Amino acid sequence: MSPVSILQSIGPETISRCVAGAAPLIFKSCFKSLPAISKWMKYEKTRSSETADQQASGPDQLTLRLNRDYFMSLIEDTKTDPLVYVESGRYTQWQEMPIPDNDHERFIRTQIPLSLFLKMQDIPAESSPYGDLYLAQTSLLDDLPLLLEDVKPAMDNLPHLKHVYGTSTWIGRRTFTPRHFDANENLYVMIGGQKRITLWEPSHKRGKGYLGNNNFGEPSSTEKVFDTVILSAGDGLFIPNRWWHEISSVGNDMTASVNWWFRSSEKERSSINM
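*Asks:* So what exactly am I meant to see when it comes to the pairing of strand S7 (residues 134–138) here?
*Replies:* The two faces of the sheet receive side chains in turn, since in a regular strand these alternate between them. Most of S7 sits inside the fold, with four of its five residues counted as buried. One ladder, built from two bridges, connects strand S5 (residues 83–88) with S7; its direction is antiparallel. Across the sheet, valine 86 pairs through a bridge with leucine 135, a residue of S7. Note: S7 against strand S8 (residues 164–172), two bridges, orientation antiparallel. Considered in S8, the bridge of threonine 138 is made with threonine 169.

*Asks:* Would you explain the pattern of salt bridges in this entry?
*Replies:* A side chain of one charge can pair with a side chain of the opposite charge when the charged atoms of the two come close. Tallying each qualifying case throughout the model produces 10 salt bridges. Across the salt bridge formed by lysine 39 and aspartate 150, the nearest N and O atoms sit 3.3 Å from each other. Of the two residues, lysine 39 sits in helix H2 (residues 35–40) while aspartate 150 sits in helix H7 (residues 148–155), which places them 111 residues apart along the sequence. On the basis of relative accessibility, which here comes to 36%, the residue lysine 39 falls in the partly exposed class. The partner of arginine 174 in a salt bridge is aspartate 132, and the shortest N-O contact between them spans 2.7 Å. With arginine 174 in the loop between S8 and strand S9 (176–180) and aspartate 132 in the loop between helix H5 (114–119) and S7, this residue pair connects regions lying 42 residues apart in the sequence. With a relative accessible area of 37%, arginine 174 lands in the partly exposed category.

*Asks:* How should the packing of aromatic side chains be read in this particular structure?
*Replies:* In this description, an aromatic ring pair is defined by two values, namely the gap between the centres and the angle between the planes. The final tally for this structure, using the stated rule, is six aromatic pairs. Consider the rings of phenylalanine 226 and tryptophan 243, whose centres lie 4.9 Å apart with planes at 80 degrees: the pair is edge-to-face. Within this pair, whereas phenylalanine 226 is found in strand S12 (residues 225–232), its partner tryptophan 243 is found in the loop between strand S13 (236–239) and strand S14 (244–249), the two being separated by 17 residues in sequence. With a relative accessible area of 4%, tryptophan 243 lands in the buried category. Each residue in the set Trp40, Tyr70 and Phe71 is aromatic and connected to the rest through ring pairs, giving one cluster. The ring centre of tryptophan 200 lies 4.6 Å from the NZ or CZ of arginine 179, which sits over that ring. Its guanidinium or amino end placed over the ring of tryptophan 244, arginine 179 lies 4.0 Å from that ring's centre, counting from NZ or CZ.

Cut-offs and rules
What you see as residue numbers is a count from 1 along each chain, following the sequence as written. Only residues with pLDDT of 70 or above have their local features reported here, since the model is predicted, and side-chain atom pairs are shown and tallied only from 80 upward, although totals for entire chains, interfaces and linings are computed over all residues. Excluding hydrogens and water, the side-chain values take into account all heavy atoms of the structure. Only protein chains enter the accessibility calculation, which uses a 1.4 Å probe; a residue whose area is less than 20% of its type maximum is buried, one above 50% is exposed, and one in between is partly exposed. Numbering goes from the N terminus for both helices and strands, where a helix is a DSSP run of H or I of at least four residues and a strand is a run of E of at least two. Note on pairing: DSSP must find at least two bridges between two strands before they are called paired. The salt bridge criterion pairs a side-chain nitrogen of Lys or Arg with a carboxyl oxygen of Asp or Glu, the two atoms within 4 Å. Aromatic rings from Phe, Tyr and Trp, taking only the six-membered ring of Trp, are treated as a pair when their centres fall within 6.5 Å; an angle between ring planes under 30 degrees marks them as stacked, one over 60 as edge-to-face, and anything in between as tilted. Geometrically, a charge over a ring is one whose NZ (Lys) or CZ (Arg) sits within 6 Å of the ring centre while staying within 35 degrees of the ring normal.

Structure representation (structure tokens):
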């Protein structure tokens, strides 16, 4: 049995109880009605190297992709093409590694217009280091407020919206976020695709606030993995502050997720029992 408990219902009181319990919790299929799931993502037929006879005899191959037309329509309607943060390669801050010769492995983080990111979805990942750009930790919901309606049902489950510290959107294929912890509580919701999240119990005293640059790191020899979970579209995961976690996408399909960091009150921590 998984150490991480699973619930199939959610509400502000549930999140408050999670905060008090200070343990991760999966909300299975609790967000499957989010409009973003059908608006942001779509399935497309995949080009195959198989012969015409092989294609005719087998089922269509479908690949989950970003719905570029929807995002482009928002850009055109609002006349806003926000700059978004994108990443390429793998980032491991705690390791002193030589700069790789292979551009596919070189880590890059920069800002580009959202429209350019959308156009780059047509670039095969194998032919360019920019074919698998990861739109990561960018405030897309703030930059294109119309997107808020697509995820508002998830926001309604946060205990106190005035305590929301920040939100980020994450979109990409073959993605990876290295092991780290956050200074605030985290509600992570999958919009499309699947992600694997590995969790370790906190090795820092729980509290609130910004911690500087020491929140990335490899596990020590005494730290054991608490659990590894798979999230699919419509699933959510509550990650308490100070809990270490590493996140990677599953398979080669496009993935999309949104998370909210929020501050909890001491009253929530001390007065509610799981």
